[in-house]
Amino acid sequence: AMIGTIGKLLILVAMVSGIFSGLTFFRSSGLENGESEWRRIGRYAWFVLVTATLAAFGLLVYLNVTHQFQYAYTYENTSMDLPLDYLVAATWAGQEGSFLLWIVLNGLVGVSVIKWAREYEAPVMSIIALCQVFLLSMIVGLQFGVLEIGASPFTTLAEKFPTAPMIQAGVIPTDGQGLNDLLQNYWMVIHPPILFAGFASMIVPFAFAVTALWKKRYQEWVRPALPWSLFGVASLGVGIALGGYWAYITLNFGGYWAWDPVENSSLVPWLMGIAAIHTMIVQKRSGHSHKAAFFLTISAYMLVVYSTFLTRSGILGDISVHSFVDLGLYNQLLIWIL
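These notes cover the structure that comes with them. (Residues numbered from 1 in each chain as written. Predicted model: local features only at pLDDT ≥ 70, side-chain atom pairs only at ≥ 80, totals over all residues. Heavy atoms only, no water.)

## A word on the overall build of the protein chain
We count it as follows: Runs of E in the DSSP output that reach at least two residues are strands. Runs of H or I that reach at least four are helices, and both are numbered from the N terminus. The buried label goes to any residue with under 20% of its type's maximum accessible area, the exposed label to any with over 50%, and the partly exposed label to all in between, with areas taken from a 1.4 Å probe on protein chains only. Contacts are assigned to residue pairs with any non-hydrogen atoms lying within 4.5 Å of each other. Note that accessible areas follow from Shrake-Rupley with a 1.4 Å probe, and for residues the cover is restricted to the protein chains shown.
For the protein chain, the count of helices and strands is 14 helices and two strands. Residues classed as buried in the protein chain amount to 53% of the 338 residues present. Residue pairs at least 24 apart in sequence account for 74% of intrachain contacts in the protein chain once pairs closer than 6 positions are excluded. As presented, the protein chain carries roughly 15,200 Å² of accessible surface, and 67% of it is formed by carbon and sulfur atoms.

## Describing the pattern of salt bridges
For clarity, the cut-off: Here a salt bridge means any side-chain nitrogen of Lys or Arg lying within 4 Å of a carboxyl oxygen belonging to Asp or Glu.
As enumerated under the stated definition, the model contains six salt bridges in all. Note that E121 is salt-bridged to R39, the shortest N-O span being 3.4 Å. Taken together, the residues E121 in helix α6 (residues 121-137) and R39 in helix α2 (residues 37-65) connect sequence positions 82 residues apart. Of the two residues examined, E121 and R39, each falls in the buried class. Salt-bridge contacts for E220 lead to R217; the nearest nitrogen and oxygen are separated by 3.9 Å. A network of salt bridges, in which partner residues are shared, links R39, R43 and E121.

## Let's talk about the nonpolar core
Here is the rule: Among buried residues, the Ala, Val, Leu, Ile, Met, Phe, Trp, Tyr and Cys ones that are joined through side-chain atoms within 4.5 Å form a nonpolar core.
If you look at the biggest cluster of nonpolar residues, it comprises 90 residues, and the most contacted ones within it are W102, I128, F208, W221, Y301 and W336. Residues in contact with W102, not counting those within four places in the same chain, are L135, F196, F199, A200, Y301, V304, T308 and W336.

## Some words on unusual backbone geometry
Even without glycine at this site, R118 takes up a positive phi of about 50 degrees. Locating R118 in the fold gives a position in the loop between α5 (95-116) and α6. Judged by its relative accessible area of 63%, R118 falls in the exposed class. With a phi close to 55 degrees, K216 is a non-glycine residue in the positive phi region. With respect to the helices and strands, the residue K216 is situated in the loop between α10 (203-215) and α11 (222-249). What makes K216 exposed here is its relative accessible area of 61%.

Listed below in structure tokens is the structure:
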């Protein structure tokens, strides 16, 4: 269980760095002089977070590829007969792993903000860090008495099912439950990462909009935020299209989207994002419609989080192919939305 302990530690380190980075960026955004010491500390903390989450992701891939069935995630999502590409894709097939993928991509998006956002860097990063900490809390797997925070991807079978007879006898299973047959498709390898890249990029225009409201600078944020909006919407659009195609061809639903609320729940933020881009362009050209630009940009990311809530809180358990089991994240996701 050594690797699992390291994995849990890495996520904990990332979460602490995220809190620290957010606070130092927040402190820096209150100061007039641009290049403050606080901002530099915030950047370092963010790089620690990115490194820790990348390492944790690498460890999870390693557990899957080397068939470490003593870990619940590997046991539930892989099996001996899976080819290598599906063993890797299984890393984001489950609930905790797909959160980890989103967190890693979010971290890289943060790096792009540090590189290109210039005078907006500190306030925008403090908002991104806040959201990142919420995401990390979904997989940190801490327990305080009865209060559980998140579900760790590095939980062992013994920790997850302590009363199972096999576990009590000290037997480690020789094979896992495998990957759902419907997911054994090359789209599984490419569709989720592209979709999550879209989810992760949508955070930037959202953070710019919140910053503009916070700093009472209602006009200027649009120009620097637009490139991220365009990238996020393009990536989300491609991800949704691939998912729709996959559903149409492989899963034989005989039609796009109409069947599954989860498909629709990622389509709605995309539509909002498209509308937001139009209002941003109008504002950039004419200075009009900035209320609409705020409203749509903020709503688009809120709906990304809301769609996550629908998919992962267990609410849609009975009616959706995509729905994940409820890992007790209901309250955390609700707090984040609020």
